[in-house]
Amino acid sequence: MAFSEIKMPGVCSVFLLVVLFAHYSQGFYLPGSYMHTYSTSDTIFAKVNSLTSIETELPFSYYSLPYCKPLDGIKKSAENLGELLMGDQIDNSPYRFRMNVNESLYLCTTSPLNEHEVKLLKQRTRDLYQVNMILDNLPVMRIAKQNGVNIQWTGFPVGYTPPNSNDDYIINHLKFKVLVHEYEGTGVQIIGTGEEGMGVISEADQKKASGFEIVGFEVVPCSVKYDPEVMTKLHMYDSISPVNCPLELDKSQVIRERERISFTYEVEFVKSDIKWPSRWDAYLKMEGARVHWFSILNSLMVITFLAGIVFVIFLRTVRRDLTRYEELDKEAQAQMNEELSGWKLVVGDVFREPDCPKLLCVMIGDGVQITGMAAVTIVFAAFGFMSPASRGMLLTGMIILYLFLGTAAGYAAVRLWRTLKGTSEGWRSVSWSVACFFPGIVFVILTVLNFILWGSKSTGAIPISLYFILLSLWFCISVPLTLLGGFLGTRAEPIEYPVRTNQIPREIPARKYPSWLLVLGAGTLPFGTLFIELFFILSSIWLGRFYYVFGFLLIVLLLLVIVCAEVSVVLTYMHLCVEDWRWWWKAFFASGSVALYVFLYSINYLVFDLQSLSGPVSAILYLGYSMIMAVAIMLSTGTIGLITSFYFVHYLFSSVKID
């Protein structure tokens, strides 16, 4: 393992292994890997996640509001690294379900509401906060009608404010519908393999497997005014009469000082034909499939157009010039050398060391790391290994992949450093910079955002303990692996240039317009490939929707790589043709400038699509996370563009025989 290769201190490695496995093994299951069956009257308790709102994007603990607490106290569920970073806080709840038992139950009655509780309830209601409940790992779903169309939402509101009213009403009665599928284990002959060989599983074992599976969890929220004098005589889980949701406001529970709120709920179990492996289909219904296909066809048109330009460059221009040049004898070549024009004139400068070579190497190293992490994550997600049923697994997987791809980052950066400098001297500094550059940017932004979240008392704030875990993962895994990759880079052969570099730099002819204008404009083509899928991704992050069309995202990623490569090659060739040999950074930003448009689009999305987002705190959080995303995209796409352009230039000048 990598731990032994880099000779990590024993205490540090043991600590990290414990942390990793503790966080990783306590995650939720993948669909299809574990199925829980229940017998009639089996007790199941629902869990509650953080309260969330698309208005503020600040999650808060469920028990920050005066809700009923479980009899045995509040207990936090085990959470993985991704859940903690996303602000999830899953607790137990008093909501008890008994399989196939329809019942109406009383929970509790609060003490008279004080001023602080009233203010908090009103604020959470007006900020459209949702209660997120989980039963057998299924989020509760609410179906609402808008313009005659059924719209599905996960969670239910804390309360509601009627139009033209200053009063707020709390949701205190929940009508649950649990969809169950009967699983008949006894009607199937199951062949098992064990230590004693193949055999038929016994009938007793088959009966254990039979039972009922939970395949759906729906809720209808109501606000009901109860007489507190009557309700306080009841105990938790006492039966009550079924309640119809009142339409009149005077029969609903208003949020007001000195009011005592009684919480009740009803449970109805309904048999369903939905099978357990398909129970997430209702949450993952793909909307806008035509839009995704339109995006892909649009990208293919851009790729075809750019491929045509590259084809012309290679076959008509480059090949024609090289063939004509190679057919001449030495005297004619010498005469032609004096008449050279375009890219052939910069043959003695094209591989001259760029400005800020160390920074370029560092950015390429981080770009390789981010691109590898994104590619592997999306491939795994496209094949169904990272389901939304496994909360936080996507983010946890990305972090672990990023840590272990530090070897590739160090190797790529140091090998490019050796190619530019011709020596390995300074490789440790380059490796350290690679390990600290992008994570350092992320760490600074997250720290600033975290202070804001701490000030708001949000569950989205990263705990101090998690900070130490992240720092330990960074310095005990990522940094040593990056240094290992850098060491391997010093052992690899540097890429030999096909031509020699002149001692005196060639003067670059004056341009009518700045070359950077063309470079920035080139980013619009990769952005055209990305922006439609970007809308769906932003909607899933900020509007609480599930994003699970990773197959489309994988196709878009492949198209983006091709477009970035083609754009960078075309721009590099255009600069060489006007005798501009400073192509390194321009090749990087020709494709990397797409990040600028991604960030501008994020601002556009904030202004026009997230109009409900309220307050400067929410806007700062949004812009901070958008900045991290834009920097990651810049490093990734810029790396793709530079590496492609380097091999294009290397191939182009490897056939030139100018001394």
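The name given to the protein in an unreviewed UniProt entry is Transmembrane 9 superfamily member, with the source organism recorded as Hibiscus sabdariffa. Regarding the protein, the UniProt comment filed under Sequence similarities (unreviewed entry) reads as follows: "Belongs to the nonaspanin (TM9SF) (TC 9.A.2) family."

> I'm lost on the pairing of strand β1 (residues 43-48) in this one. Help?
Two faces belong to every sheet, and in a regular strand the side chains alternate between them. Only one face of β1 is covered, namely the face carrying Ile44, Ala46 and Val48; the face carrying Thr43, Phe45 and Lys47 is uncovered. When β1 meets strand β2 (residues 91-98), the two strands line up antiparallel, connected through five bridges. When the bridges of β2 are listed, Thr43 appears paired with Arg98. With two bridges joining them, β1 and strand β5 (residues 133-135) adopt antiparallel strand pairing. Paired with Val48 across the two strands is Met133, which belongs to β5.

> Any chance you could explain the packing of aromatic side chains here in plain terms?
Note on aromatic pairs: each is described by the distance of the centres and the angle between the planes. This model, assessed by the stated rule, comprises 35 aromatic pairs. Summarising the aromatic geometry, the rings of Tyr95 and Tyr265 are spaced 5.0 Å apart at their centres and angled 65 degrees between planes, so their arrangement reads as edge-to-face. Of the two residues, Tyr95 sits in strand β2 while Tyr265 sits in strand β16 (residues 262-271), which places them 170 residues apart along the sequence. With a centroid separation of 6.2 Å and 50 degrees between ring planes, the pair formed by Phe97 and Tyr265 is classed as tilted. Taken together, the residues span a long stretch of sequence, with Phe97 in strand β2 and Tyr265 in strand β16 at a distance of 168 residues.

> Explain empty space enclosed by the protein to me, please; I cannot follow it from the model alone.
Empty pockets left among the atoms are what a rolling probe the size of a water molecule brings to light. Within this structure, the stated rule accounts for three cavities of 30 Å³ or more. Looking at the largest cavity, its volume works out to about 40 Å³. The wall of the largest cavity is formed by Tyr62, Tyr67, Tyr95, Val131, Phe156, Ile171, Asn172, Leu174 and Phe263. In the lining of the largest cavity, the residues fall into eight nonpolar, one polar and no charged.

> Explanation requested: the state of the cysteines in the structure shown.
In protein structure, a disulfide is the covalent linkage between the sulfur atoms of two cysteines. Summed over all chains, the structure comprises two disulfides. Linked covalently through their sulfurs, Cys68 and Cys108 form a disulfide whose S-S length is 1.9 Å. Around the S-S axis, the bridge from Cys68 to Cys108 shows a dihedral of about -85 degrees and counts as left-handed. Taken together, the positions of Cys68 in the loop between β1 and α3 (81-86) and Cys108 in strand β3 (residues 103-109) put the pair 40 residues apart, joining distant regions of the chain. With respect to burial, Cys68 and Cys108 carry one shared label: buried. There is a disulfide in this structure between Cys222 and Cys245, and the S-S distance comes to 1.7 Å. Taken together, the positions of Cys222 in strand β15 (residues 211-222) and Cys245 in the loop between α6 (228-231) and β16 put the pair 23 residues apart, joining distant regions of the chain. Assessed through its relative accessible area of 3%, Cys222 is described here as buried. Residue Cys245 is classed as partly exposed on the basis of its relative accessible area of 32%.

> So what exactly am I meant to see when it comes to the sheet that holds strand β6 (residues 138-139) here?
Strand pairing in a sheet takes place through backbone hydrogen bonds and is either antiparallel or parallel in direction. Taken in spatial order, the four strands line up as β2-β1-β5-β6 in an open sheet, and their pairing is antiparallel. One side of each edge strand has no neighbouring strand; the edge strands of this open sheet are β2 and β6.

> Even after reading the chapter, I still don't get the environment of Val649, so can you show me in this structure?
Looking at the secondary structure, you find Val649 in helix α19 (residues 616-654). Judged by relative accessible area, Val649 falls into the buried class, the value being 0%. When the C-alpha positions of Val649 and Tyr573 are compared, they lie 8.2 Å apart, and in sequence the two are 76 residues distant. Beyond its immediate stretch of four places on either side in the chain, Val649 contacts Val350, Phe351, Thr572, Leu576 and Trp583.

> So what exactly am I meant to see when it comes to the side chain of Ser272 here?
Summarising the element assignment, Ser272 is placed in the loop between β16 and α7 (289-326). Under the relative-accessibility criterion, Ser272 is labelled buried at 16%. Of note is the side chain of Ser272, whose polar atom sits 3.0 Å from the backbone nitrogen of Ile274.

> Would you take a moment to explain the packing of helix α16 (residues 550-577) against α19 for this structure?
Each packed pair of helices is defined by two parameters, the angle between the axes and the distance between the axes. Packing of α16 against α19 brings their axes to within 8 Å, and their N-to-C directions diverge by 50 degrees. Considering the angle they form, α16 stands oblique to α19. Crossing of α16 over α19 shows right-handed handedness. Each of Leu560, Val561, Cys564, Ala565, Ser568, Val569, Thr572, Tyr573 and Leu576 in α16 lies in contact with α19, whose residues at this interface are Thr637, Ile640, Gly641, Leu642, Thr644, Ser645, Phe648, Val649, Leu652 and Phe653. Partitioning the contact of α16 with α19 into residue classes produces 13 nonpolar, six polar and no charged.

> Is there a simple way to think about α16 in this case?
Given 3.6 residues per turn, any residue in an α-helix points the same way as the ones three and four places further on. Here α16 is 28 residues long and its end C-alpha atoms lie 40 Å apart, about the 40 Å a rise of 1.5 Å per residue gives. Glu579 lies just past α16 and shows a positive phi near 65 degrees.

> Just checking my understanding: could you explain the packing of helix α17 (residues 584-592) against α19 for this structure?
Across the interface, α17 lies against α19 with an axial gap of 7 Å and an inter-helix angle of 130 degrees. Looking at the two axes, α17 sits oblique to α19. Where α17 crosses over α19, the two elements pack in a sense that is right-handed. The segment α17 lies against α19, with Trp584, Ala587, Phe588, Phe589, Ser591 and Gly592 engaging Met634, Leu635, Thr637, Gly638, Thr639, Gly641, Leu642, Ser645 and Phe646. Within the contact of α17 with α19, the residues separate by chemical class into eight nonpolar, seven polar and no charged.

> Whenever I open this one, the environment of Ala492 confuses me. Can you help?
Relative to the elements of secondary structure, Ala492 occurs in the loop between α13 (464-491) and α14 (515-522). Ala492 sits 77 residues away from Arg415 along the chain, and the two C-alpha atoms are 7.0 Å apart. In contact with Ala492, other than residues within four places in its own chain, are Tyr411, Arg415 and Arg418.

> Would you mind showing me how to read the confidence of the model for the protein here?
Caution is warranted with low-pLDDT regions, since their predicted coordinates should not be read in detail. Scored by pLDDT, the protein has a mean of 81; 82% of the residues are at 70 or more. Per-element confidence in the protein is highest for β16, whose mean pLDDT is 95, and lowest for strand β13 (residues 191-194), whose mean pLDDT is 32. Long-range and interchain partners of residues 1-33, a stretch whose pLDDT sits below 50, account for 58 contacts in this model, where long-range means more than four residues apart. Confidence drops under pLDDT 50 across residues 186-208; counting only partners more than four residues distant or on other chains, this segment forms 20 contacts.

> Mind showing me how you'd approach the pattern of salt bridges here?
Two side chains of opposite charge can pair, provided their charged atoms sit close to one another. What the rule picks out here adds up to 15 salt bridges. Its salt-bridge partner being Arg98, residue Glu103 comes within 2.9 Å of it at the nearest N-O pair. Where Asp580 meets Lys586, a salt bridge forms, and the shortest distance between an N and an O atom there is 2.5 Å. Residue classification places Lys586 among the buried positions, given a relative accessible area of 7%.

Rules of the game
- Residues numbered from 1 in each chain as written.
- Predicted model: local features only at pLDDT ≥ 70, side-chain atom pairs only at ≥ 80, totals over all residues.
- Heavy atoms only, no water.
- UniProt positions renumbered as here; feature names shortened; annotations may be inferred.
- Buried < 20%, exposed > 50% of the residue type's maximum accessible area, 1.4 Å probe, protein only.
- Helix = DSSP H or I, 4+ residues; strand = E, 2+ residues; numbered from the N terminus.
- Pairing = 2+ DSSP bridges.
- Phe/Tyr/Trp six-rings, centres within 6.5 Å; stacked < 30°, edge-to-face > 60°.
- 1 Å grid on protein atoms, 1.4 Å probe; cavity = no way out; pocket = protein on both sides within 12 Å on 5 of 7 lines; lining within 4 Å.
- Points joined across faces, edges and corners; volume = space filled by probe spheres on them.
- Nonpolar A, V, L, I, M, F, W, Y, C, P; charged D, E, K, R; others polar.
- Disulfide = S-S within 2.5 Å.
- Contact = heavy atoms within 4.5 Å.
- Polar contact = N/O pair within 3.5 Å; in protein donor to acceptor, adjacent residues only side chain to side chain.
- Axes fitted to C-alpha atoms, helices over the stretch in contact; angles between N-to-C directions.
- Parallel < 35°, antiparallel > 145°, perpendicular 65-115°, else oblique.
- Left-handed = near helix turned anticlockwise from the far one by under 90°.
- Expected span 1.5 Å × (residues − 1).
- pLDDT = per-residue confidence, 0-100.
- Salt bridge = Lys/Arg side-chain N within 4 Å of Asp/Glu carboxyl O.

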